[in-house]
Amino acid sequence: MKNNKLMLLLKGLILENPVLVLVLGTCPTLAMTNSVISALGMGVAATIVLICSNVVISALRKVIPDTVRIPCYIVIIAGFVTAVQLLMHAYLPSLYDMMGVYLALIVVNCIILGRAEMFASKNGVVDSAFDGLGMGLGFLLALLAMATVREVLGAATFAGYKIPFFNENGYYLPILTQAPGGFLVFGILIAIINKIGVNKGKEKRKQLAGCEGCPSAGICGKTACSETAELTANADQVSAPAGKEAEGGEA
Amino acid sequence: MEYLKQLTLILMAGVLVNNYVLQKFLGICPFLGVSKKFNQAFGMGIAVTFVMLVATAVTYPLYFYLLVPNKLEYLETILFILVIAALVQFVEIVLKKFIPALHAALGVYLPLITTNCAVLGVTLNNITDGYNFLESMISSLGVGIGFLLAMVLFAGVRSRIENCPAPECMKGLPVTLVAASIVSLAFLGFSGVFETLLA
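Below is a summary of the structure that appears in this document. (Residues numbered from 1 in each chain as written. Chains lettered and ligands numbered in written order. Predicted model: local features only at pLDDT ≥ 70, side-chain atom pairs only at ≥ 80, totals over all residues. Heavy atoms only, no water.)

Taking 1.5 Å per residue, 12 residues should reach 16 Å; helix α7 (residues 117-128) of chain B reaches 16 Å between its end C-alpha atoms and fits that length. Counting buried residues along α7 of chain B, 11 of its 12 residues qualify, which places the element largely inside the surrounding structure. Inspection of α7 of chain B places Cys117, Ala118, Val119, Leu120, Gly121, Val122, Thr123, Leu124, Asn125, Asn126 and Ile127 of chain B among the buried residues, and these make up the whole buried set. Buried-residue contacts for α7 of chain B involve α2 (26-31) and α6 (101-104) of chain A together with α3 (38-67), α4 (76-98), α6 (110-113) and α8 (133-161) of chain B. At the C-terminal side of α7 of chain B, Gly130 of chain B shows a positive phi close to 70 degrees. (Helix = DSSP H or I, 4+ residues; strand = E, 2+ residues; numbered from the N terminus. Expected span 1.5 Å × (residues − 1). Buried < 20%, exposed > 50% of the residue type's maximum accessible area, 1.4 Å probe, protein only. Contact = heavy atoms within 4.5 Å.)

Next comes the structure, spelled out in structure tokens:
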């Protein structure tokens, strides 16, 4: 039983990492990783919201009527986001200012709605809490990895502390902390993940990038929408050649 | 005249300098998901612009005539997302009933817009930036056009990427992101243009 819970945690952290494997929640990933501090703030805030909303949604899963479940989930999530916003405004005002509108935009983070739809609405409270924690930590980990690359190479600092030598001599690329650098680092990071282990993830991604994983599925009512079709097509494109290569490597 | 200049600046800032997709990272999911074909990208861009305008027209008065008098400003996130979700459904129903041709063209994209962070983002930003109603509408229009521009430009870039021989592990999403980075770099240049215009 305990093993099972551990698996739930690890699944979110590595195998089904929401950002790097499932490619969900790209907006905050790109926007909040220009410094380690803001990435940490975003990751922790999203994790708290994710755990709370998962617990509440899973506790209410038998009460919420199926037809209006998406609006219900949105209200629950928005409630927790507002709570986190108020707490952060009160106790961490500088971080609150740094995160700006992105803090409120946790509401429309696909990871949170996606987990509510895919996991919390079908599983028990404790399992959902662990799933939320695992996914949240996976999100945090991915954000920190990206932010570290961007801040260290882009500003020669780490969480605000200057890295000696590199910082003084101007050996850094400021463009990495700006918008283009976000796209670039994210692209390269996903390419690395593809290179390492997409062979394993192929089936999983196919099954997870389907309509079930799409937050709009409830409103949409179709079995395959253009967005998920594109996503699945992308996933296939990404994984097929890499898979071939891996086989080639073994041979 | 001075005011007109200010409005133009707000509009152009939304389109070019503060481009939501390429500079502020809002609305990345449709940007990456629906930008494969030019027609789809254009349809999505128009639908988003339309919803942004309607959403601003509704959320702005709600904020100032419902939330502010009752001192409930902190509820803006909950209220706005609900309004947007309801609005998208409503727009879809109205379009289906009265303008079926437009519904056939945009219908597919409408449900996806509910969870588009650019729409919620622009309504929230209009409030934080302290714009009045006209300025808010102009700013939403600018942001919408900026989104459309980014989608259409990127659809063009993407149709060329499809045929280029990328390294195996870069194929698909990674090479798309790298291309997005280069397009974003081009947009970064506009901020310099604006500084000279303002000076």
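Picking up where we left off.
Attention shifts here to the interface of chain B and chain A. Between chain B and chain A, the residue contacts involve 47 residues of the former and 47 residues of the latter. Of the roughly 4,300 Å² buried between chain B and chain A on both sides combined, carbon and sulfur atoms contribute 73%. At the junction of chain B with chain A, the criterion picks out three residue pairs in polar contact (both at pLDDT 80 or more). Ranked by the residues each element gives to the side of chain B that touches chain A, the list is headed by helix α9 (residues 173-198) of chain B, at nine residues. (Buried area = accessible area lost by both parts, 1.4 Å probe. Polar contact = N/O pair within 3.5 Å; in protein donor to acceptor, adjacent residues only side chain to side chain.)

A few words on the packing of aromatic side chains. One pass over the full model with this rule turns up 12 aromatic pairs over all chains. On the numbers, 6.5 Å between centres and 50 degrees between planes, the contact of Phe183 of chain A with Phe31 of chain B is tilted. On the criterion of chain membership, the pair formed by Phe183 of chain A in helix α9 (residues 179-208) and Phe31 of chain B in helix α2 (residues 28-33) is interchain, its members lying in two chains. Like Phe31 of chain B, Phe183 of chain A is buried. Note that Lys97 of chain B overlies the ring of Phe98 of chain B, its terminal NZ or CZ placed 5.7 Å from the centroid. (Phe/Tyr/Trp six-rings, centres within 6.5 Å; stacked < 30°, edge-to-face > 60°. Lys NZ or Arg CZ within 6 Å of the ring centre and 35° of its normal.)

Residues and elements named next belong to chain A. Evaluated as defined, the whole model comprises two cavities of 30 Å³ or more. There is about 40 Å³ of room inside the second largest cavity. Lining the second largest cavity are Ala46, Thr47, Leu50, Asn109, Ile111, Ile112, Gly136 and Phe139. Residue assignment for the lining of the second largest cavity shows that the elements contributing at least two residues are α3 (36-59), α7 (110-120) and α8 (125-155). Per element, the largest residue contribution to the lining of the second largest cavity is three residues, and it comes from α3. Here the residues of the lining of the second largest cavity sort into five nonpolar, three polar and no charged. (1 Å grid on protein atoms, 1.4 Å probe; cavity = no way out; pocket = protein on both sides within 12 Å on 5 of 7 lines; lining within 4 Å. Points joined across faces, edges and corners; volume = space filled by probe spheres on them. Nonpolar A, V, L, I, M, F, W, Y, C, P; charged D, E, K, R; others polar.)

A few words now on helix α4 (residues 69-91) of chain A. The first and last C-alpha atoms of α4 of chain A sit 33 Å apart over 23 residues, in line with the 33 Å expected at 1.5 Å per residue. Listed in full, the buried residues belonging to α4 of chain A are Arg69, Ile70, Tyr73, Ile74, Ile76, Ile77, Ala78, Val81, Thr82, Val84, Gln85 and Met88 of chain A.

This brings us to the packing of α3 of chain A against α8 of chain A. Residues and elements named next belong to chain A. Taken N-terminus to C-terminus, the directions of α3 and α8 make an angle of 165 degrees; their axes are 8 Å apart at the nearest point. Judged by the inter-axis angle, α3 sits roughly antiparallel to α8. Here the hand of the crossing between α3 and α8 comes out right-handed. Residue classes in the contact of α3 with α8 are distributed as 20 nonpolar, eight polar and two charged. (Axes fitted to C-alpha atoms, helices over the stretch in contact; angles between N-to-C directions. Parallel < 35°, antiparallel > 145°, perpendicular 65-115°, else oblique. Left-handed = near helix turned anticlockwise from the far one by under 90°.)

Turning to the nonpolar core, a few remarks are in order. In this structure, Phe31, Met44 and Leu120 of chain B are the most contacted members of the largest nonpolar core, which totals 116 residues. If you tally residues by element for this core, the top one is α3 of chain B, at 10 residues. Sequence-distant contacts of Leu120 of chain B, that is, excluding residues within four places in its chain, are made with Ala104, Leu105, Val107 and Val108 of chain A together with Phe80, Ile81 and Ile84 of chain B. (Core = buried A, V, L, I, M, F, W, Y, C linked by side-chain atoms within 4.5 Å.)

Next up on the list: the layout of surface pockets. Each pocket or cavity is described by its volume, and for the second largest pocket that value is around 360 Å³. Gln85, Tyr96 and Ala104 of chain A together with Glu76 and Thr128 of chain B are the residues nearest the centre of the second largest pocket, which is lined by 17 residues in total. For the lining of the second largest pocket, the elements supplying multiple residues, two or more each, are α4 and α6 of chain A together with α4 and α7 of chain B. The residue makeup of the lining of the second largest pocket, split by class, is eight nonpolar, seven polar and two charged.

All names here are of chain A. Nonpolar side chains collect at one region of the surface, where Leu6, Met7, Leu10, Ile14 and Leu15 lie side by side and expose about 480 Å² of accessible area between them. Relative to the elements of secondary structure, Leu15 occurs in helix α1 (residues 2-15). Residue classification places Leu15 among the partly exposed positions, given a relative accessible area of 43%. (Patch = residues over 30% accessible without salt bridge, like charges linked within 9 Å, V, L, I, M, F, W, Y side chains within 5 Å. Areas by Shrake-Rupley, 256 points an atom, 1.4 Å probe, with all protein chains shown as cover. Salt bridge = Lys/Arg side-chain N within 4 Å of Asp/Glu carboxyl O.)

Shape is all these values report; function is a separate question.
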